[in-house]
Amino acid sequence: QVQLVESGGGLVQAGGSLRLSCAASGGTFRANAMAWYRQIPGKQRELVASITSGGTIYYTDSVKGRFTVSMDNAKNTVYLQMNRLKPEDTAVYYCWGYDDTPYATAIWGQGTQVTVSS
């Protein structure tokens, strides 16, 4: 019933920017924490950035200074602003959300392709 719906992926030249969005819909889901992962086929899914409803933020080293994660608590939506994109950022990006009320629930988005050309 509850889904995370992603948008904003696409093709961009190196040095360009994209803004990813991920919104929870359905049920009574209210995110305590949300995150962005990325995955290249054949490789392990990698945590890119995470944020809690209280404002605690994490970034993996390779995106620090270039990516910004934010959350709109009222809209159950997480964003990933990606600037100065590099070809090595090319991947499928997945969002993830966690809610502990009325019980612990974790869900994944469907993924959105980000391709950065040189």
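Use the structure listed above.
1. Considering the overall build of the protein
Scanning the protein for helices and strands turns up zero helices and 11 strands. Radius of gyration (C-alpha) of the protein: 14 Å, near the 13 Å computed for a compact globule of 118 residues. For the protein, the C-alpha atoms occupy an extent of roughly 45 × 25 × 25 Å along the three principal directions. Burial analysis of the protein (118 residues in total) assigns 39% to the buried set. The long-range share in the protein, meaning contacts at least 24 apart out of those at least 6 apart in sequence, stands at 53%. With the model as given, the accessible surface of the protein reaches about 6300 Å², and the carbon-plus-sulfur share is 50%. For the protein, the centre of its 10 positive side-chain charges and the centre of its 8 negative side-chain charges are spaced 5 Å apart.

2. Overview of the nonpolar core
W36, L80, M82 and Y93 are the most contacted members of the largest nonpolar core, which totals 28 residues. Contributing elements (two or more residues each) for this core: strand 3 (18-25), strand 4 (33-39), strand 5 (46-52), strand 7 (67-72), strand 8 (77-82), strand 9 (91-99) and strand 11 (112-117). For this core, the element with the highest residue contribution is strand 3, accounting for four residues.

3. Things to note about the packing of aromatic side chains
Applying the stated criterion across every chain, the model contains two aromatic pairs. It is R45 that lies over the ring of Y94; its NZ or CZ is 3.8 Å from the centre. Its guanidinium or amino end placed over the ring of W108, R45 lies 4.6 Å from that ring's centre, counting from NZ or CZ.

The rules we used
Residues numbered from 1 in each chain as written. Predicted model: local features only at pLDDT ≥ 70, side-chain atom pairs only at ≥ 80, totals over all residues. Heavy atoms only, no water. Helix = DSSP H or I, 4+ residues; strand = E, 2+ residues; numbered from the N terminus. Rg over C-alpha atoms; globule rule 2.2 N^0.38 Å. Buried < 20%, exposed > 50% of the residue type's maximum accessible area, 1.4 Å probe, protein only. Contact = heavy atoms within 4.5 Å. Areas by Shrake-Rupley, 256 points an atom, 1.4 Å probe, with all protein chains shown as cover. Lys, Arg positive; Asp, Glu negative; His and termini not counted. Charge placed at Lys NZ, Arg CZ, Asp CG, Glu CD. Core = buried A, V, L, I, M, F, W, Y, C linked by side-chain atoms within 4.5 Å. Phe/Tyr/Trp six-rings, centres within 6.5 Å; stacked < 30°, edge-to-face > 60°. Lys NZ or Arg CZ within 6 Å of the ring centre and 35° of its normal.

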